[in-house]
Amino acid sequence: MLDPKLLRESPDLVRAAIAKKHLEVDLDAVLAIDAAWRAQLQEVEALRAKQKAANTAMAALPKGSPEFIAKVGEMKAVSAQAKEREAALNEIEAKFKQAMLSIPNLPHASVPEGRTPEQNMVFSTHGDVAAVSSAAKPHWEIPGFEKLFDFGRGAKVTGAGFPFYVGDGARIVRALLQFFLDEDVKAGYTEVNPPIFVNAASATATGQLPDKEGQMYETTPDQLYAVPTAEVPLTNFFRDEILDEAVLPVKRCAYTPCFRREAGSYGKDVRGLNRLHQFDKVELLKWVHPSASYAELDLLREDAERLLQKLGLPYRVLLMCGGDLGFSQTKKYDLEVWAAGQQRWLEVSSCSNFEAFQARRAQIRFRGKETGKVELVHTLNGSGLAVPRVLAALLENNLQPDGRVKLPAALVPYFGKEFLTFA
RNA sequence: GGAGAGAUGGCUGAGUGGUCGAAAGCGGCGCUUUGCUAAAGCGUUGUAGGGGUUUAAAUCCCUACCGAGGGUUCGAAUCCCUCUCUCUCCGCCA
């Protein structure tokens, strides 16, 4: 959520930001609701002040005295009026809140202009795309693929997009996760193993609710949500808390399976490991001082990049343009790995700064050491990394003419052998 | 799953219908004393929203907040209802 004061005081700034994201929001309507809300609030508060004053006066009067009884009669009317006004206030307040939630976060000045994904800026490219393309084919066409990644039985047991990982398939997933977590811990992130179901309050704080509930799996009797990413439980860890400035930045990483309904997906995007309803991911999260959040974003991106470098996978970094930024992000880098068999880039990490947008909604604050004042933290997150697409690239890029997959040296200690085989 | 007890500020804990945003203690912060530390004394001490004032900070006024939401009442931390969570005992279980 945006700071209502910012909207009130600099509506043109907000207007320009919305234009940069190529979104449509009726700001004038929001401002009108805000003005009406404040007027109503003042009326209600005046009535309450009257009630309080009367209450103090009545406490000094003898209970049954004529003055007391007269006062009760008088205040009965005030009470009724206050109740009526409060109901009106609540109604307009709900409207205001909803209107505020419809306003996106403001893109950072360094975010390029643009409307479509094609207009994202290629920030950097690493590794040789041509060098890995020798025996490549889409990973789902590799002979024996179904033995290790059993989509058919997954579909029988659960549904499409829920594969079984078998033998070397299971082993490579475990190796990647362990590798990612170890590297992230080395980079200073504290490892966390969070709950993989969250309640509605948590899903609301990170913005999955109210409008993205269609993306989450929901449990029926208990109304819990299967996490779409570890970002949700991790961000909510400090919900409604005031941190000590000295602990910032807080850096944490967590592995969870991620559950996404992905309604409406189709075609080559969903072939093989490209898009699943359940997949494994390590998420990186930072809570930082507002003055440091952009420097921290670059460090976060570098932490994610290092993983791809150590795996020897060619990748590029995109700096997302205004139109391709998410609703709540101010700046975002996507890491895309080259999948030689499919001849396409696959997104494996998305590193974003949310500034205070999530923190305001989740009420995550810190007390300044010097000032003693309470301020909202800035939150950042990014994948470090998502397993299936990294795996897809690994299978396609490193496939040998003999049908085995040669693993990068960094992974060998985790996997226990040099080659993955489909036999 | 069954039975009982409870939830109050950074923490402990008092408060069972009115001047209570809330005693007291601890902690924190400031000052004084002291060679430093410690100790003692005095003072201070939450969050949010709105408004006035100000270039701004400071400050002032009002309102809300005693687990959450509803209700009763002129008036609720206090009474009633619903929910959530915690603790104790029993049962079950990896």
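Quantities reported herein were computed from a predicted structural model and do not represent experimental measurements. (Residues numbered from 1 in each chain as written. Chains lettered and ligands numbered in written order. Predicted model: local features only at pLDDT ≥ 70, side-chain atom pairs only at ≥ 80, totals over all residues. Heavy atoms only, no water.)

Some remarks on the protein's contact with RNA strand B
No. 1: As a structural note, the neighbourhood of RNA strand B is formed by 25 residues, with R8, N55, A59, K76 and S79 the closest of them.
No. 2: The protein-proximal atoms of RNA strand B, defined as those within 4 Å of the protein, are 72% sugar or phosphate.
No. 3: Elements that contribute at least two residues to the surface near RNA strand B include exactly α1 (4-9), α3 (27-60), α4 (66-101) and β13 (364-367).
No. 4: In terms of residue count, the dominant contributor to the surface near RNA strand B is α3 (13 residues). (Near = heavy atom within 4 Å. Helix = DSSP H or I, 4+ residues; strand = E, 2+ residues; numbered from the N terminus.)

Examining a nonpolar patch on the surface
No. 1: A contiguous nonpolar patch, built from V157, F164 and V166 and spanning about 250 Å² of accessible area, is present on the exposed surface.
No. 2: As for its position among the elements, V166 is in the loop between β3 (164-165) and α7 (168-186).
No. 3: You can call V166 partly exposed: its relative accessible area is 37%. (Patch = residues over 30% accessible without salt bridge, like charges linked within 9 Å, V, L, I, M, F, W, Y side chains within 5 Å. Areas by Shrake-Rupley, 256 points an atom, 1.4 Å probe, with all protein chains shown as cover. Salt bridge = Lys/Arg side-chain N within 4 Å of Asp/Glu carboxyl O. Buried < 20%, exposed > 50% of the residue type's maximum accessible area, 1.4 Å probe, protein only.)

A closer look at the sheet that holds strand β1 (residues 121-126)
No. 1: Spatially, 8 strands are ordered β1-β10-β11-β12-β15-β9-β8-β4 in an open sheet, and the strand pairing comes out mixed. Looking at the sheet topology across the chains shown, the edges are occupied by β1 and β4 (190-192). Averaged over all adjacent pairs, the angle separating strand axes in this sheet is 25°, with direction ignored.
No. 2: Bridge count for β4 against strand β8 (residues 250-259) is 3 bridges, and the pairing is parallel. Residue pairing for β8: E191 is matched across the bridge by C253.
No. 3: Its contacts with the sheet place α7 against β4, β8, β9 (278-288) and β15 (378-386), and it is angled at close to 5° to β9.
No. 4: The strands touched by helix α10 (residues 293-310) are β1, β9, β10 (315-319), β11 (331-339), β12 (344-353) and β15; relative to β15, the strand with the most contacts, the crossing angle is about 5°. (Pairing = 2+ DSSP bridges. Axes fitted to C-alpha atoms, helices over the stretch in contact; angles between N-to-C directions. Contact = heavy atoms within 4.5 Å.)

Some details on the state of the cysteines
No. 1: For the structure shown, the criterion picks out 0 disulfides.
No. 2: With no disulfide partner, C253 has as its closest neighbouring cysteine sulfur the one in C258, 14 Å distant.
No. 3: No disulfide involves C321; its sulfur sits 17 Å from that of C351, the nearest cysteine. (Disulfide = S-S within 2.5 Å.)

Here we look at the sheet that holds β13
No. 1: In spatial order, the strands read β7-β13-β14; together these 3 strands make up an open sheet with mixed pairing. Taken across any chain shown, the strands that pair with only one partner, and hence form the sheet edges, are β7 (241-244) and β14 (374-376). Across the sheet, the mean angle separating the axes of adjacent strands is 40° when strand polarity is ignored.

Side note on the nonpolar core
No. 1: Within the largest apolar cluster, 58 residues are counted, with the highest numbers of intra-cluster contacts made by F149, I172, L176, F180, L273, L395 and F422.
No. 2: In terms of residues, this core owes the most to one element, α7, which gives 8 residues.
No. 3: With near-sequence residues (within four places) excluded, L395 lies in contact with H139, I142, F145, F149, L273, V405, L420 and F422. (Core = buried A, V, L, I, M, F, W, Y, C linked by side-chain atoms within 4.5 Å.)

Looking at the packing of aromatic side chains
No. 1: Taken as a whole and judged by the stated rule, the model has 12 aromatic pairs.
No. 2: Of the aromatic side chains, those joined through ring pairs into one cluster are F145, F149, F151 and Y165.
No. 3: For R171, the ring lying beneath its charged end belongs to F415, and the centroid distance is 5.8 Å.
No. 4: Its end group placed over the ring of Y333, R301 keeps NZ or CZ at 4.7 Å from the ring centre. (Phe/Tyr/Trp six-rings, centres within 6.5 Å; stacked < 30°, edge-to-face > 60°. Lys NZ or Arg CZ within 6 Å of the ring centre and 35° of its normal.)

Looking at the packing of helix α2 (residues 11-20) against α3
The packing of two helices is summarised by the inter-axis angle and the distance between the axes.
No. 1: Close contact between α2 and α3 brings their axes to 11 Å; oriented N to C, the two are set at 145°. For the pair α2 and α3, the crossing hand works out as right-handed. Residues P11, V14, R15 and I18 of α2 pack against L27, D28 and L31 of α3.
No. 2: Counted by class, the contact of α2 with α3 contains 5 nonpolar, no polar and 2 charged residues. (Left-handed = near helix turned anticlockwise from the far one by under 90°. Nonpolar A, V, L, I, M, F, W, Y, C, P; charged D, E, K, R; others polar.)

Looking at unusual backbone geometry
No. 1: Here the residue pair L248 and P249 is connected by a cis peptide bond, since its omega of -5° sits within 30 degrees of zero.
No. 2: Omega for the bond connecting G384 with L385 falls within 30 degrees of zero, at 0°, which places this linkage in the cis form.
No. 3: In this structure, H22 takes a positive phi of about 55° despite not being glycine.
No. 4: Along the chain, the position of H22 falls in the loop between α2 and α3.
No. 5: Despite not being glycine, E355 shows a phi value in the positive range, around 45°.
No. 6: Note on placement: E355 falls in the loop between β12 and α11 (357-362).

What about helix α12 (residues 387-397)?
No. 1: The element α12 is extensively covered by neighbouring structure, given that 10 of its 11 residues are classed as buried.
No. 2: All of the buried residues along α12 are V387, P388, V390, L391, A392, A393, L394, L395, E396 and N397.

Focus: the pattern of salt bridges
No. 1: Under the counting rule described, the total for this entry stands at 20 salt bridges.
No. 2: The partner of R301 in a salt bridge is E302, with the nearest N and O atoms 3.7 Å apart.
No. 3: Here the salt bridges do not stand alone but share partners, grouping D298, R301, E302 and E305 into one network.

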